[in-house]
Amino acid sequence: MRIALFATCIGDVMFPQAPQATTHLLERLGHEVVFPPDQACCGQMHVNTGYFPEAMPIIANHVRTFEPVLDGEWDAIVVPSGSCTGSIRHQQAMVAASEGDDELSRRAAQIAEHTFELSELLVDVLGVTDVGAYFPHRVTYHPTCHSLRIAKVGDKPYRLLHAVDGLQLIDLPEATSCCGFGGTFSMKNAQTSTAMLADKMANVMSTKAEVLVAGDYSCLMHIGGGLSRTRSGVRTMHLAEVLAGTRDEPWAAPETTTKVGA
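## Observations concerning the pairing of strand 8 (residues 235-238)
Part 1 of the argument: Two strands pair when backbone bridges link them, and strand 7 (residues 211-214) and strand 8 are joined in this way by four bridges, in the parallel orientation. Across the sheet, residue Leu212 finds its bridge partner in strand 8, namely Thr236.
Part 2 of the argument: Where the polypeptide runs from strand 7 across helix 13 (residues 217-229) and back to strand 8, its parallel neighbour, the crossover connection is right-handed.

The structure is reproduced here in structure tokens:
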């Protein structure tokens, strides 16, 4: 398949190891990955904060950039983020319609039909759960709110992790509870966010996992920062990073990438 990568703005600016690992994984599985250079933000930050008019040019840019999928230039669009996938599928067309641009809304809805979060693409589109990965570590998984409730990826990340050679997956207590990030929520409601983070960190550390895995680096940034400040010794990694490496070819993020909690 020929797959277009939407890296997301947080992936592009702060955590490029996630889109890089996504590309490495898909190419290892025999697919071609292309990076449309005009991509930027999906508009989620603006929409979630209520700035619909300000989100419109961002949504228009996203639609314009990924519209070739409608002409068959690509087979699908992959997003290493449940949060951004949810925004593309459930916010862009809604916002365009509410702002009176029915044509943009229609195009956004069409592109959304071809857009998949990484675990969805692997399991539902490519039909694979065992990607040949090797990761000999004790791991726990945090199902982020948007991936769980908006993108609705279900158990796909767990199925992928269970198939990884050498990986010991430990259930995370109260896994479906929010970590407290929520984008601007963590800034506007700092005390509540901090309390929620403390609960999430306690549950992560109770598993005695070496690595906390999630499908969104926004939540990993929040939890990872707390784990780093408490010197817990727990690392954070995106699902794509865990799936990217094999026994013969371990995945190593380039040294230029940003480390959570650094």
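Moving on from the model shown.
## What about the packing of aromatic side chains?
Part 1 of the argument: On inspection of all chains with the given rule, the structure shows four aromatic pairs.
Part 2 of the argument: Judged by centre distance (4.5 Å) and plane angle (10°), the ring pair of Phe15 and Tyr217 falls under stacked. Note that Phe15 is positioned in the loop between helix 1 (9-13) and helix 2 (17-28) and Tyr217 in helix 13, a separation of 202 residues in sequence.
Part 3 of the argument: Consider the rings of Phe66 and Trp74, whose centres lie 6.1 Å apart with planes at 65°: the pair is edge-to-face.
Part 4 of the argument: Following the ring pairs from residue to residue traces out a cluster consisting of Phe6, Phe66 and Trp74.
Part 5 of the argument: One residue, Arg247, lies across the ring of Tyr134, its end atom 4.1 Å from the ring centre.

## Considerations on the nonpolar core
Part 1 of the argument: Counting 34 residues, the largest nonpolar core has Leu26, Leu121, Leu122, Val131, Phe135, Leu167 and Leu243 as the members making the most contacts within it.
Part 2 of the argument: Among the elements of the structure, strand 1 (2-5), helix 2, strand 3 (76-79), helix 8 (118-125), strand 5 (138-141), helix 10 (156-162), strand 7 and helix 14 (239-244) are those that each provide at least two residues to this core.
Part 3 of the argument: For this core, the leading source of residues is helix 14, giving five residues.
Part 4 of the argument: Those residues within four positions of Phe135 in sequence are excluded, and the remaining contacts are Val164, Asp165, Gly166, Leu167, Val211, Arg235, Met237 and Val242.
Part 5 of the argument: Judged by nonpolar contacts, the second largest core, of 24 residues, contains Met56, Ala60, Val69 and Ile77.

## Some thoughts on the layout of surface pockets
Over the atoms rolls a probe the size of a water molecule, and in doing so it shows where empty space is left.
Part 1 of the argument: As a volume, the largest pocket reaches approximately 650 Å³.
Part 2 of the argument: Contributing to the lining of the largest pocket are 36 residues, with Gln44, Ser83, Phe181, Gly183 and Ser218 lying nearest its centre.
Part 3 of the argument: Breaking the lining of the largest pocket down by element, the ones donating at least two residues are helix 1, helix 2, helix 3 (44-48), helix 5 (82-90), helix 9 (145-149), helix 11 (185-188) and helix 13.
Part 4 of the argument: For the lining of the largest pocket, the residue count by class is 21 nonpolar, 14 polar and one charged.

## Points about the packing of helix 2 against helix 8
Describing two packed helices takes the angle between their axes plus the distance from one axis to the other.
Part 1 of the argument: It is at 12 Å that the axes of helix 2 and helix 8 come closest, and there the two elements cross at 15°. Taken as axis vectors, helix 2 and helix 8 run roughly parallel relative to one another. In the crossing of helix 2 with helix 8, the sense of the turn from one axis to the other is left-handed. Listed contacts from helix 8 to Thr22, Leu25 and Leu26 of helix 2 are Leu118, Leu121 and Leu122.
Part 2 of the argument: Residue composition of the contact of helix 2 with helix 8, by class: five nonpolar, one polar and no charged.

## So, the pattern of salt bridges
Part 1 of the argument: Taken as a whole and judged by the stated rule, the model has seven salt bridges.
Part 2 of the argument: Taking the shortest distance from any N to any O, the salt bridge between Glu103 and Arg106 comes out at 2.5 Å. Taken together, the residues span about one helical turn, with Glu103 and Arg106 both in helix 7 (residues 102-112) at a distance of three residues.
Part 3 of the argument: Between Asp124 and Lys156 there is a salt bridge, and its shortest N-O distance comes to 3.5 Å. Of the two residues, Asp124 is situated in helix 8 and Lys156 in helix 10; the sequence distance between them amounts to 32 residues.
Part 4 of the argument: Asp124 sits in the partly exposed class, given a relative accessible area of 49%.
Part 5 of the argument: On the accessibility criterion, Lys156 (13% relative accessible area) is buried.

## So, the sheet that holds strand 3
Part 1 of the argument: Spatially, four strands are ordered 2-1-3-4 in an open sheet, and the strand pairing comes out parallel. The sheet is open, and its two edges are formed by strand 2 (32-34) and strand 4 (115-117), each paired on a single side. Taken over all neighbouring pairs, the strand axes of this sheet differ in orientation by 35° on average, direction set aside.
Part 2 of the argument: As paired strands, strand 1 and strand 2 are joined by three bridges and run parallel to one another. Of the residues in strand 2, the one forming a bridge with Ala4 is Val34.
Part 3 of the argument: The strands that helix 2 touches are strand 1, strand 2 and strand 3; relative to strand 1, the one it contacts most, it runs at about 175°.

Reading guide: rules and limits
Residues numbered from 1 in each chain as written. Predicted model: local features only at pLDDT ≥ 70, side-chain atom pairs only at ≥ 80, totals over all residues. Heavy atoms only, no water. Pairing = 2+ DSSP bridges. Helix = DSSP H or I, 4+ residues; strand = E, 2+ residues; numbered from the N terminus. Right-handed = clockwise from strand over helix to strand, strands pointing away. Phe/Tyr/Trp six-rings, centres within 6.5 Å; stacked < 30°, edge-to-face > 60°. Lys NZ or Arg CZ within 6 Å of the ring centre and 35° of its normal. Core = buried A, V, L, I, M, F, W, Y, C linked by side-chain atoms within 4.5 Å. Buried < 20%, exposed > 50% of the residue type's maximum accessible area, 1.4 Å probe, protein only. Contact = heavy atoms within 4.5 Å. 1 Å grid on protein atoms, 1.4 Å probe; cavity = no way out; pocket = protein on both sides within 12 Å on 5 of 7 lines; lining within 4 Å. Points joined across faces, edges and corners; volume = space filled by probe spheres on them. Nonpolar A, V, L, I, M, F, W, Y, C, P; charged D, E, K, R; others polar. Axes fitted to C-alpha atoms, helices over the stretch in contact; angles between N-to-C directions. Parallel < 35°, antiparallel > 145°, perpendicular 65-115°, else oblique. Left-handed = near helix turned anticlockwise from the far one by under 90°. Salt bridge = Lys/Arg side-chain N within 4 Å of Asp/Glu carboxyl O.

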